[in-house]
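If you want the building blocks of each chain, they are given just below.
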Amino acid sequence: TDAEAKKAAAMVGNGDSHVATVLLVEDNEAVRRGSKVLLENSEQGDFRVLTVGNGREAIKLFQRRIEDISAVILDLNLPDCQGADLFRQMRQLAPTLPVIVVSGLREQQLIAQCDGQKPDGVLVKPFDGDVLIEKLNSILHSLNSQGRSPIT
């Protein structure tokens, strides 16, 4: 199909400006896989998803691919580090890069945990896949309209 051809072409880097590369940091393998499939098969956006299962891998991949990443979806409950610490590290390295945090905490608790730094979006577990896509698209389009296009 045309959509599959477009996605395949984007994967090899043909300069398609509508592809958003998303770093998904989630320790639960089923959630990680499901979210990746959901995003990459979404008809509401053209997403390329990089996935990691812990904070150590996340920061290494983030530093290596920082120029390619359009947004981060970060589960704050990781086995090897505090997600809030990882969030602060990412903010330090890329202050304008959108980060959506996923947690069981309410937004005010999250902000307090992140030293007052507010994420671009918050998803409270459990969340619906459509909510994830809507939030991601909303953030990316908002930045794009401000001339700070994160879409690579």
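Cut-offs and rules
Residues numbered from 1 in each chain as written. Predicted model: local features only at pLDDT ≥ 70, side-chain atom pairs only at ≥ 80, totals over all residues. Heavy atoms only, no water. Salt bridge = Lys/Arg side-chain N within 4 Å of Asp/Glu carboxyl O. Helix = DSSP H or I, 4+ residues; strand = E, 2+ residues; numbered from the N terminus. Buried < 20%, exposed > 50% of the residue type's maximum accessible area, 1.4 Å probe, protein only. Core = buried A, V, L, I, M, F, W, Y, C linked by side-chain atoms within 4.5 Å. pLDDT = per-residue confidence, 0-100. Contact = heavy atoms within 4.5 Å.

This part takes up the pattern of salt bridges. Close approach of charged atoms allows side chains of opposite charge to pair. Inspection of the entire model under this criterion finds 8 salt bridges. Between Glu 26 and Lys 125 there is a salt bridge, with the nearest N and O atoms lying 3.7 Å from each other. With a gap of 99 residues between them, Glu 26 in the loop between β1 (19–25) and α2 (29–40) and Lys 125 in the loop between β5 (121–124) and α6 (129–145) connect regions that are remote in the sequence. Judged by its relative accessible area of 4%, Glu 26 is buried. Here Lys 125 makes a salt bridge to Asp 75, at a shortest N to O gap of 2.9 Å. Within this pair, whereas Lys 125 is found in the loop between β5 and α6, its partner Asp 75 is found in strand β3 (residues 71–75), the two being separated by 50 residues in sequence. Linked through salt bridges whose partners overlap, the residues forming this network are Glu 26, Asp 75 and Lys 125.

Turning our eyes to something else, we now look at the nonpolar core. In this structure, Leu 23, Val 25, Phe 62, Val 72, Leu 74, Leu 86 and Met 90 are the most contacted members of the largest nonpolar core, which totals 21 residues. Counting residues per element, this core draws most heavily on helix α3 (residues 55–65), at 4 residues. The next biggest cluster of nonpolar side chains, apart from the first, holds 16 residues, and it includes Val 22, Leu 39, Val 49 and Val 102.

For the chain, per-residue confidence averages 81 on the pLDDT scale, and 76% of positions sit at 70 or higher. For residues 1–16, every residue scores under 50 in pLDDT, and the model assigns this stretch 14 contacts once sequence neighbours within four places are set aside.

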